[in-house]
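Next come the chains, spelled out residue by residue.
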Amino acid sequence: MNDYTNIIDSPLRNSKDDKLDTGKYVIGLARFLSQSAMPTTVAIQGQWGSGKTSFMNQLRSILCDADNGSKDPLYFGVWMNMWEYSLMQNPEQILTGIIKGLTGECTAILNKLNAPAAVASELREKAWSFLKKTGAVIASTAIKAGVNAIGLDGEAAAEPILNSGGGDLKETTPQEFRESFSNAVKKCLNSQPKNGPQRRGFMFFIDDLDRINPESAVQILELLKNMFEVDNCIFVLAIDYDVVVKGLKAKFGSNDNHDDRAYRSFFDKIIQMPFSMPIGAYDITSFLEDSLRNIGYFNNEGLHKEIKLSQSEDDNSSTVISIIDEMTRLSTGPNPRSIKRLINTLSLIKIISDVQVEESGDHSEEMNEQDLLMNYGLVCLQIAYPQIYEHIVREPCFVEWDDTTAREFRLPELVEEKKALLSSITEFDAPWKQVVYRLCQTTTYLMASVMNISKLLNIIKSLYDDSVFENKITKMLGMTSVTSITPSDNSDINKQSNKRNRISLEEYFNNTLDGNAPAVLKKAAYNLIEQLQNIFAERLAVKVYKSGITFSIINFKTENHKRAPRYLWIGVHQYSKLEGPKLEMACFSKNGWTGNLCYLAKNKYSWWISNVEDNLKFFQEELNFTRADTVTLNDFSTIVKLIFENSSNDAYPLNLNIAELFKQAVDKALHNAPAV
C-alpha cells in the first residue's frame, strides 16, 4: 500500500532526494563557486518549474549549511524570496524591503559573531539614512516598520526623523552605503571563531526573480549591482535572460533605439556567469517509474510489459515505460513541475476508476495497460496542449477529422500546394493530421509544437484497433475531463459525444442552417441519401453529424486499415452571405477531400476536384484530362467510382452515374417540394 496518493511540488532541501540525477551539475557549480574571485554574480536560468529553487537549495547545502551536509561551509548563506517581497507591494516598497532584508541579515550575523557593536550600528544607520533620502519611507508606520526591520528601535528612531525632518542622521549616498556594507562583511569574516569553519564570504541566494514584474526584476538587478556588489560576496540569482529583456523594454519604452545587443550588454554587465538548468539531461525515465509505482498507477511488472502498437510501421513492440517516456517528452518535456501535476492527475483518475469498479462489482471495467496508456496520453495533452485537448473533447474520434471537421472548428484553409507538401510528410499524411496542423496554426506555441502534437496523437491512436478506438477514447475522456482547466458543463463525455456525433436525419434537416434551409434543398438531400442507401445497401456505413451526413466504405481491400475509409459527405449549408444555400456532395480519397458537386438555386451546378498531385496522378491514369479545372461532370462521376473500387472488394454498382443520381434527386425535389 502506498503512503501517499500524490507528489507535492516543493523544492528539495538537499541532494539526498534528488531523483533527476542533477548531482554532477550541482557539485560542478559548487566547486566553481568555492574558488571564485569575488564579487561575482551567477544567474540560474530555466523555465518555471524546471527546478531552479531545488538546485539553489542544494548549492546552499553544500557551500553554506553546516547542519545540512557541509562539514566545512565556505560561505555565510542568505536566502531571499523575491515573490514574497513583491506580495501586495509597489516597486518602491519592494526595493525598500530588499535593502532592509539584506541589511538585517548581515547585522544578525554580526550580532551572532559578537562583532563590534559599532559596525552593526553604522550599517543600520547608513541603511536607514539612505531609505530616508530616497523618500521610500514617508509615513510614521512605514518608518517604524523600516527601522525595526534593520534592528533599530522604531519608536525612538522615528520620532526625531518625523519631528525634525531627519534628526541628526546625515543623508547617505549609494557609494557610502556600499562602503558601509563592505566593511560589515569584512568584520563578519574577521570575527569568526578561530576553532570554527573559516568562511570566505557571503553567498546571497535571490530566488523567484522571474516570477515578479519584469521591470521590478530589472530594478532589483540594478540595486544589487550598485549597492551590494562588494568584495567577499557572491550573488546567485534565479532569473532568465528573457525576463531581463522584457523588463528593459518596459523601462525604456517601445520607441527606444535599443536592440538585442544592448539588452545583452546590460545582462552581461550584471551577470558574470549564466548557468542554464540542464533539463535535457534529467533522468525523467527513473523519475516517472518511481512516481507511477508510488501512486499505484502501474506496478513494476506493468511498467516493463511489452505492448504492440497497432498499425506500427516497424511492427515492433514497446515496453509500457518506453511509451510513457516518449509521450512525456512529446508533451510536458522534462519540466519537473508539469510532470508532478501529470502524476497527481493520473492518481486521482485511477482512484475514481477503482471506486467505479468497486461500486459496480464489474471487474471487467478495470483499466488494462492500453487503457492506462491512453489515459496517460490524454492527460499529457490536457496539461501541455489544452486547446488540442478541448477540441478532442468536442470531437473525440480525431482519426476521423477531415475538412468538414476543420470547417466546424472554423480553422484556416490550406492552399493546395501546402496540402500537397503536408501529404508527403509522415506526421501529416492523413486528413486528420492535416486538421491538427490547421488547428496548431491558431497560436504560436502550438505551431512550434505541431510535430510533437502529431506524434503524440499518433501514439494514442495506435493503442487500439480502429474498430474500438472511438469507444475507448470517449470512455477515457469521461475520466480525464474531471481534471480539465476548462471543464465541460456535463462531465459525462460519453453522453455529450453521443449527442454531438450521432443525431438523426430528422434532427439534421430540422436544424441545418439554423432551421432556415430551403425546403427544396432538404428534400433533394433526403432523396439523394435514400437512393444511395438503396443502391449500396450494406456496403456503406452512414453516420449523421450536425455538420452533415457521411458514408464510409465497409468492405475494403487492405487488411491493415481496419477503419472504414470516409467516402462521401452530403450536406446543406451556406459558406458566406455572398452565396446562397447549397446542396453539396463531397468525395474522399486516401488524400482527403478530393472534390465536390454542388447545386445552388435556379438550376445551377458546379463541381471540382482537388489539385493534390497524388489525386491528379491517379485519376489521369484512368481519365483523359490534364488539369483539375478541365474535369467534366462525367469525369467527376468516374472519379467517385474509381475511389470506391480502389478501397473496396465489392464491385461498383452497375451503370451508376453519381452526377446523374445527384441531378435526379434535385429534379424530384423541384417537382415535389414539400419539406422533409
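In every chain, residue numbers begin from 1 and rise along the written sequence. It should be noted that, the model being predicted, local features are given only for residues of pLDDT at least 70 and side-chain atom pairs only at 80 or more, the latter also being counted only at that level, while totals for whole chains, interfaces and linings use all residues. With hydrogens and water excluded, all non-hydrogen atoms of the structure serve as input to the side-chain values.

Caption draft 1: Molecular detail of the pairing of strand E1 (residues 40–45). Here's how the labels work: a residue is buried when its accessible area is under 20% of the maximum for its type, exposed when over 50%, partly exposed in between, all with a 1.4 Å probe on protein chains only. Under the scheme used here, helices are H or I runs from DSSP no shorter than 4 residues and strands are E runs no shorter than 2 residues, and both carry numbers assigned from the N terminus. Among the six residues of E1, six are classified as buried, and the element is accordingly described as predominantly covered. Burial along E1 is two-sided: Thr40, Val42 and Ile44 and Thr41, Ala43 and Gln45, pointing in opposite directions, are all buried. Strand pairing follows a simple DSSP-based rule, namely that at least 2 bridges must link the two strands. Here E1 pairs with strand E4 (residues 233–238) via five bridges, running parallel. In the sheet register, Val42 faces E4, and the bridge partner there is Val236. Two strands pair when backbone bridges link them, and E1 and strand E5 (residues 273–276) are joined in this way by four bridges, in the parallel orientation. The residue bridging Val42 from the neighbouring strand is Met273, located in E5.

Caption draft 2: Looking closely at the confidence of the model for the chain. pLDDT: the predictor's confidence for each residue, scored from 0 to 100. Of the residues in the chain, 80% reach a pLDDT of 70 or more, and the chain-wide mean stands at 79. Note on definitions: a residue-residue contact is assigned when non-hydrogen atoms from the two residues lie within 4.5 Å. Ignoring residues within four places in sequence, the model shows residues 157–169, a span with pLDDT below 50, making 19 contacts including any to other chains. Below pLDDT 50 for its whole length, residues 487–500 participates in 22 contacts with residues either more than four positions away or in separate chains.

Caption draft 3: Representation of the pattern of salt bridges in the model. When a carboxyl oxygen of Asp or Glu lies within 4 Å of a side-chain nitrogen of Lys or Arg, that pair is called a salt bridge. In this structure the tally under the stated criterion is 13 salt bridges. Lys305 serves as the salt-bridge partner of Glu369, at 3.3 Å between the closest nitrogen and oxygen. Of this pair, Glu369 sits in helix H16 (residues 369–384) while Lys305 sits in the loop between helix H13 (300–303) and strand E6 (306–308); the two residues are 64 residues apart in sequence, bridging distant segments of the chain. Judged by its relative accessible area of 38%, Lys305 falls in the partly exposed class. A salt bridge links Glu470 to Lys543; the shortest N-O distance between them is 3.7 Å. You can see Glu470 sitting in helix H23 (residues 466–480) and its partner Lys543 sitting in strand E8 (residues 540–545), a full 73 residues away along the chain.

Caption draft 4: Broad picture of the packing of helix H9 (residues 214–228) against helix H10 (residues 241–252). Contact geometry of H9 with H10 gives a least axis separation of 7 Å together with a crossing angle of 95°. Comparing their axes, H10 and H9 come out roughly perpendicular. Here Pro214, Glu215, Ala217, Val218, Leu221 and Glu222 of H9 lie close against H10, whose contacting residues are Val243, Val244, Lys246, Gly247, Leu248, Ala250 and Lys251. Residue classes follow a fixed rule: Ala, Val, Leu, Ile, Met, Phe, Trp, Tyr, Cys and Pro count as nonpolar, while Asp, Glu, Lys and Arg count as charged, and any other residue, Gly among them, counts as polar. Of the residues assigned to the contact of H9 with H10, the class counts are eight nonpolar, one polar and four charged. Only the stretch in contact is used when fitting a helix axis, every axis being a line fitted to C-alpha atoms; angles between N-to-C directions are given from 0 to 180 degrees. Convention used here: angles under 35 degrees read as roughly parallel, angles over 145 as roughly antiparallel, angles from 65 to 115 as roughly perpendicular, and any remaining angle as oblique.

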